[in-house]
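What the coordinates show
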Amino acid sequence: MTADQASHSGVPLLELDPYGRDHQGEAARLRGLGPVVRVKLPGDVEAWSVTRHDLLNQLVLDPRISKDWHNWSAMQRGDIPDDWPLIGMVKVTNMVTADGAEHRRLRKLVSQTFTARRVEELRPGTYQIVQDLLEALPSHADPDGTVDLRKHFAYPVPMQVISDLFGIPDYERPELREAVDKIFRSDLSPEVVGANQIAVYQLLARVVELRTKERGDDLTSALISAREAEPDALTQEELVGTLLVMLSAGHETTLSLIVNAVRALLTHPDQLALTKGEEDMWPAVVEETLRWEAPIGNFPFRYPTEDIEVAGVVIPAGDPIMAPYSAVGRDPEQHGPSAGSFDITREQARHLAFGHGAHACLGAPLARLEATIALRELFARFPDMILGAVPGTLDPVPSLFSNSVTTLPVRLGHPAG
């Protein structure tokens, strides 16, 4: 037994499934093991998981906790190879992995261009994207009469919105979709992971080069202009890294949110009935889905810069701590004894699906806007839609991070007159 292992004796260890085959069951086991748990990740990499809402909430506000992967002891020692399956979620240079003044500098530049007004200006375009996709849905029916809503609706809505927002040319979008999908996977070979890391950075570098020459009314052009006005604002690596986090998170989170909300409503017809003719219920659907079936089930990592104590357990400096959003989303200490139930009428206690504190998701307002429009218009167009598969038989996305299913077959029924 190593010294590190000895210091962890008595703390339960759970090996997480990289295929996500029982995501909520795994989240429940994490909660059941206690407030602080050791988790084993692919490649026998170990981390900590804090499974209570209030403790995780305190942790993300603790100034002794860093988001900078350079503070990960195992990374410093060279123990984490560049082809580790989860490397694309960790070893990046952007505002998500920066602290203090550096984080404020990077986030300020994005927030200055990604404003509330700009998000609201996306409403008409998002509505039109949703309407166009709904018009096309019947032509995609499979031989068994079902339509895969994930492929033909939930997936293209956020990909088109975010690609338009950042000025991604049409010819780059197929490769971008493939690269982003792979970032969130945790079942890929080291060779695929390494090749994807190279490919996605090369793609985004091409986008930056294009938008440097041909400016448009998009956020990439705005960030480039901000960089030119203040040369120290963004390095090339930071600019590409910022694009990566905004594009990947902006797509994956909203995609899974839409899929999970549709699946929740179709398997809870009593809750779906509450939305009929009730415009104000759709934001509640979005918030309850975020809590009950968080799009990102686990999120890496934070690193103590000194030894810290959480619920009586000492977490050593430099050890990675994972945020288990699925586990804390159903924490009965935060959400009451009915935390495991999907209930859009519950008095909404704050959830952590978009994080909290300085690193709270900058794109949360856009994700909420997209999901609200998509769900409202989908169920208005197809009020008799039913799930086209037995609940519980749908294959999960093979990921420790993304919490969703690979297909969402539905029977649309007759469109509303």
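As a starting point, this report considers the structure included with it. Everything quoted here is computed from the prediction, not taken from an experiment.

Quick word on empty space enclosed by the protein
With the rule as written, the count across this model stands at 5 cavities of 30 Å³ or more. In this structure, the largest cavity encloses a volume near 670 Å³. Of the residues forming the lining of the largest cavity, the biggest block, 8 residues, is contributed by helix α13 (residues 236–266). In terms of residue class, the lining of the largest cavity is built from 23 nonpolar, 11 polar and 4 charged. When its volume is computed, the second largest cavity comes out at roughly 60 Å³. As for the second largest cavity, its lining consists of Pro85, Ile87, Gly88, Lys182, Ile183, Leu188, Val193, Asn196 and Gln197. For the lining of the second largest cavity, the element with the most residues is helix α11 (residues 190–213), which contributes 3 residues. Of the residues in the lining of the second largest cavity, the class split is 5 nonpolar, 3 polar and 1 charged.

Focus: the sheet that holds strand β11 (residues 409–411)
Spatially, β5-β11-β10 is the arrangement adopted by the 3 strands of the open sheet, whose pairing is antiparallel. Edge positions in the open sheet fall to β5 (147–148) and β10 (386–387), since each of these has one partner strand only. In the sheet, β5 pairs with β11 via 2 bridges, with the strands oriented antiparallel. Considered in β11, the bridge of Val147 is made with Val410.

The rules behind each value
Residues numbered from 1 in each chain as written. Predicted model: local features only at pLDDT ≥ 70, side-chain atom pairs only at ≥ 80, totals over all residues. Heavy atoms only, no water. 1 Å grid on protein atoms, 1.4 Å probe; cavity = no way out; pocket = protein on both sides within 12 Å on 5 of 7 lines; lining within 4 Å. Points joined across faces, edges and corners; volume = space filled by probe spheres on them. Helix = DSSP H or I, 4+ residues; strand = E, 2+ residues; numbered from the N terminus. Nonpolar A, V, L, I, M, F, W, Y, C, P; charged D, E, K, R; others polar. Pairing = 2+ DSSP bridges.

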